[in-house]
Structure formats: structure tokens, C-alpha cells
Amino acid sequence: MFPETPEYIPENFSLLNIDTEELTICKIISFYYKSGKKKINFTWYEFYIDDIPPVGIPADTHNLTEQKINNNTVYILKEDNQFTATYIIDNTVHFMYTDNVGYDECEKILESFR
């Protein structure tokens, strides 16, 4: 798996955990960062099938936006001081979730994916 990864992580965040899981239809890798009450999670799903299941983002307000970032169509939800973003490149779903991290900082992280 060779997904895009962020080149920028805000200061004072520590990598707490890396999880991997191998399923029948995909491989999952997750990175969990924390700084006090601030959290950043990155998860990548590499699918072994051609028909990738729909990506869902849970939301109370349905305030989902679509943006073009680094030539990718990214779906973003900003709600209750949480930020969720997802996009797909080839057979890999890129997923980012933050809690208590400023939205401008989240955009900067998202724009740094390469």
C-alpha cells in the first residue's frame, strides 16, 4: 500500500498508535495522533475488489461539502469542532478525522497530502 500521506502535522502532536488490519476485501492502516484534547486520525483502506463500497461520513447536520484539493475530489464535513475528510485514489480510500483541531489547521493538513 502506497497511499498519499500528510507532510504536515501540527506541533505538539504525538503518534500514539498505529493499527493494521487485513480483511477479505481490503487492508486497513490507521494512525492516531493526540495533543491534550486534540486528536487526529488518518485511515487508509486499500481495496482488493474493483467495486469499492460507498464511503459514509456520519453527520447530524448533513453539512457535507465537496472541494477539489491536489486534483482530488474531497468530501469534507465540519461539525461540532470535528473535521472529517475523505477521497479516493485508484483503489485506496483516504480518510481523515480530527477532534478539537481548528478548521484552518485541518485544511492545512489536508492540503499537505502527497
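Residue positions within a chain follow its written sequence, with the count starting from 1. Only residues with pLDDT of at least 70 get local features here, since the model is predicted, and only at 80 or more are side-chain atom pairs given and counted; chain-wide, interface and lining totals rely on the full set of residues. Side-chain metrics rest on all non-hydrogen atoms present in the structure, leaving aside hydrogens and water.

This paragraph deals with the overall build of the protein. Tallying secondary structure elements over the protein gives 1 helix and 7 strands in all. Along the protein, helices (α) and strands (β) appear in the sequence β-β-β-β-β-β-β-α when read from the amino end. In terms of overall dimensions, the protein is globule-like: its C-alpha atoms have a radius of gyration of 14 Å, near the 13 Å expected for 114 residues. Each principal axis of the C-alpha distribution contributes one length, and for the protein these read about 35 × 30 × 25 Å. Burial status across the protein gives 36% buried among its 114 residues. We call two residues in contact whenever any of their non-hydrogen atoms come within 4.5 Å of each other. For the protein, long-range pairs separated by at least 24 residues make up 45% of all intrachain contacts whose partners lie at least 6 apart in sequence. Surface accessibility in these figures is a Shrake-Rupley result with a 1.4 Å probe; residues are shielded only by whichever protein chains are displayed. Total accessible area computed for the protein in this model is approximately 7,000 Å², and 47% of it derives from carbon and sulfur atoms. The protein carries 9 positive and 19 negative side-chain charges, and their two centres are separated by 8 Å. By the criteria applied, helices consist of DSSP H or I runs no shorter than four residues and strands consist of E runs no shorter than two, each listed in order from the N terminus. Atoms counted for the radius of gyration: C-alpha only. Globule rule: 2.2 Å times the number of residues to the power 0.38. Remark: exposure states derive from per-residue accessible area (1.4 Å probe, protein chains only) relative to the maximum for the residue type, with buried under 20%, exposed over 50%, and partly exposed in between. Note on charges: Lys and Arg go in the positive column, Asp and Glu in the negative column, and His and the chain ends are not counted at all. Where a charge lies is defined by one atom per residue type, namely NZ (Lys), CZ (Arg), CG (Asp) and CD (Glu).

Moving on, we get to the pattern of salt bridges. By convention in these notes, a salt bridge is any Lys or Arg side-chain nitrogen within 4 Å of a carboxyl oxygen on Asp or Glu. For the structure shown, the criterion picks out 2 salt bridges. Linking Glu46 and Lys27 is a salt bridge whose minimum nitrogen-to-oxygen distance equals 3.9 Å. Here the residue Glu46 occupies a position in strand β3 (residues 38-47), and Lys27 occupies one in strand β2 (residues 26-35), the gap between them amounting to 19 residues. Measuring nitrogen to oxygen at the nearest pair gives 3.3 Å for the salt bridge that ties Glu107 to Lys78. You can see Glu107 sitting in helix α1 (residues 103-111) and its partner Lys78 sitting in strand β5 (residues 72-79), a full 29 residues away along the chain. We classify Glu107 as buried; its relative accessible area is 13%. When its relative accessible area of 31% is taken as the criterion, Lys78 is described as partly exposed.

Moving on, we get to the packing of aromatic side chains. For any pair of aromatic rings, the description consists of the separation of the ring centres together with the inter-plane angle of the planes. For Phe, Tyr and Trp, rings pair up if their centres lie within 6.5 Å, where Trp contributes its six-membered ring, and each pair is then called stacked (planes under 30 degrees apart), edge-to-face (over 60) or tilted (otherwise). Scanning the model with the defined rule gives 6 aromatic pairs in all. Relative to Trp44, the ring of Phe42 lies with its centre 6.1 Å away and its plane at 25°, an arrangement referred to as stacked. Judged on exposure class, the residue Phe42 and its partner Trp44 are both buried. Ring geometry for Tyr87 against Phe113: centres 6.2 Å apart, planes inclined by 85°, an arrangement best described as edge-to-face. Here Tyr87, found in strand β6 (residues 82-89), pairs with Phe113, found in the segment after α1; they are 26 residues apart in sequence, far enough to count as distant. An aromatic cluster is built from Phe31, Tyr33, Phe42, Trp44, Tyr87 and Phe113, whose rings are joined through pairwise contacts. Here the guanidinium or amino end of Lys108 rests over the ring plane of Tyr8, the centre of that ring lying 4.5 Å away. The rule for a charge over a ring is simple: NZ of Lys or CZ of Arg within 6 Å of the ring centre, and within 35 degrees of the ring normal.

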